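Summary of structural features
Listed below are the residues making up each chain.
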Amino acid sequence: MNQGLLDELRACVGAAHVACEGELDDGYLVDARKRYFGRALAVVRPGNTAEAAAVVRTCAAHGVPIVPQGGNTGLVGGGVPNDSGREVVLQLGRMQSIRSIDPDNLSMTVDAGCVLQQVREHARTHGLLFPLSIGSQGSCTIGGNMATNAGGSQVVHYGNARELCLGLEVVTAAGEIWNGLSGLRKDNSGYDLRDLFIGSEGTLGIITAASLKLFAPPAATLTALLACADIDTAITLLARLRTGTTAQLTGFEVMARHAMQLVASHFPQIPQPLKPAPWTILVEFAADDEERARDWLHARLVETDCDAVTASNQTQADALWRLRDAIPLAQAREGLNIKHDIALPVSQIGGFLREMDTALPALVPDVRTVVFGHLGDGNLHFNLQAPEGVSPAEFLLRHEANCNACVHDAVMTRGGSFAAEHGIGRLRRSELARRKSPVALAMMRSIKQALDPHNLMNPGRVLQDAGQDA
Ligand code: FAD
């Protein structure tokens, strides 16, 4: 049966774009965190939407499940095959056309396989801004960004991927093409199918193109690094900075002491211009007049009593962002860790962190909490690194379940989310099953059943299949 299927897949996309077991690059089979190692029946790389639709129809006819994959930078194991060897990876990396740009409409339409950085640069060449900004932007794709509803460092002003998307083109589970590539800002003609596919992590269909919202870039940006004695001061500062009219807050990133220490030990070449502090904050503003914005910021900082350095030019601003972007890389070098991607109302964050300061060491003495993230959106990466001298693998095996329960119970009690921006994938599907309301889960299952009745679109991701492990 496999030989027949493989021949048909070769006919869909050309033999050069189908690789089978034995010829497969590990890059398609292992996730970015190196937690999930899979096998695939084949990796298939269509060159356009019609080819992608033909692949889906072929797999559907053979009852073979499909795992869509973009840049494979996802952090929840949703874009790599499981270890059955039965799944086909549909990899969109060859679909890289910028289809059109409409400056008057402030929109552009791109193939799903376009790399985010490439899209940002293309908008810039037209004097426009596509503001989605995430640490993986040199490798992740627009299709993956939409499939995960990616967040990143500019959400506080511009919103998540969902708010930046005007329309989608999707190949359905039956292999039909839905062209929803609207450039419209208003369209209430029935259910919003675009919003259904955004954040669906490949479980409802294949996103093959997206229409994106563009913006006029700000005349100036101002970037500064601040040091705060405690989280309450950081939250007060956030409230003051986000209500300014002289400058618009576009980023507010916090980095706790342990996170900065990890960067210092793994990337000593990246300068840390401020003395170590309980919290270091990276802020960015859009402004019409840089000098006025600088004066305004300095006045706010004097009121709050924070140490600060302000970037004088783009090179200095980039160096400050390098510090922030280095944290996940430093964590990876330190070894596997227990990750939590949580969201809380900003007003609850101080209480949550104080609760964790006592609850976690009671579970795992000397555990290292590495906290950083997008405080402006109430989204923290609340990660736990093994105590010094303890093997990361042993730490995960012994403590992951208890630590997850401790952190996520506290988050949910405070009205938060256990999956803020990275999604569910395989990593958090049992949490979803446990913590989402039965009514919400039933509606999700009905949608899945309606759009993918044979459960061939990324099965077992997001929603657990019957009998599936945690
Ligand atoms: P993949 O990893 O290939 O896939 C992710 C999911 O989407 C999978 O379930 C896959 O099946 C599905 N999928 C992919 N393409 C399609 C498609 N065309 N159609 C349907 N389904 C599809 N995320 C954030 O939100 N904010 C951050 O700040 C952030 N920073 C990161 C920093 C680093 C260093 C790394 C490694 C990751 C970071 N991420 C962040 C996570 C990741 O980059 C995002 O989730 C990104 O949107 C994934 O895009 P991708 O193309 O790599 O998708």
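Look up a bit, the structure's there.
Scope of this entry: the structure provided in the associated data block. Quick caveat: nothing in here was measured; it's all calculated off a predicted structure.

Overview of the site of the ligand
Not every one of the 33 residues close to the ligand is listed here, only the nearest: Pro68, Thr73, Gly74, Ser136 and Thr141. Here asparagine 145 contributes a side-chain N or O atom positioned 2.9 Å from an oxygen atom of the ligand. At a separation of 3.1 Å, an oxygen atom of the ligand approaches a polar side-chain atom of asparagine 458. Surface burial for the ligand is 93%, taken as the share of its 970 Å² of free accessible area covered by protein chains. The element that contributes the greatest number of residues to the shell around the ligand is helix α4 (residues 142-148), accounting for 5 residues.

Quick look at the pairing of strand β12 (residues 279-287)
With 9 of 9 residues buried, β12 lies mostly within the body of the structure. Neither face of β12 is exposed, since Trp279, Ile281, Val283, Phe285 and Ala287 on one face and Thr280, Leu282, Glu284 and Ala286 on the opposite face are all buried.

Things to note about the packing of helix α7 (residues 231-242) against helix α9 (residues 290-304)
Running from N to C, α7 and α9 cross one another at 150°; their axes reach a closest spacing of 11 Å. Judged by the twist between their axes, the crossing of α7 over α9 is right-handed. Taking contact as the criterion, the partners of Thr233, Leu237, Arg240 and Leu241 in α7 are, on α9, Trp296, Leu297, Arg300, Leu301, Glu303 and Thr304. Classifying every residue of the contact of α7 with α9 gives 5 nonpolar, 2 polar and 3 charged.

Some points on the side chain of glutamate 169
When you line up the elements, glutamate 169 lands in strand β7 (residues 165-172). In this structure glutamate 169 touches Thr49, Arg99, Ile177, Trp178, Gly180, Leu181, Ile206, Ile207, Thr208 and Ala209, once residues within four positions along its chain are discounted.

Reading the values: the criteria
- Residues numbered from 1 in each chain as written.
- Predicted model: local features only at pLDDT ≥ 70, side-chain atom pairs only at ≥ 80, totals over all residues.
- Heavy atoms only, no water.
- Near = heavy atom within 4 Å.
- Polar contact = N/O pair within 3.5 Å; in protein donor to acceptor, adjacent residues only side chain to side chain.
- Areas by Shrake-Rupley, 256 points an atom, 1.4 Å probe, with all protein chains shown as cover.
- Helix = DSSP H or I, 4+ residues; strand = E, 2+ residues; numbered from the N terminus.
- Buried < 20%, exposed > 50% of the residue type's maximum accessible area, 1.4 Å probe, protein only.
- Axes fitted to C-alpha atoms, helices over the stretch in contact; angles between N-to-C directions.
- Left-handed = near helix turned anticlockwise from the far one by under 90°.
- Contact = heavy atoms within 4.5 Å.
- Nonpolar A, V, L, I, M, F, W, Y, C, P; charged D, E, K, R; others polar.

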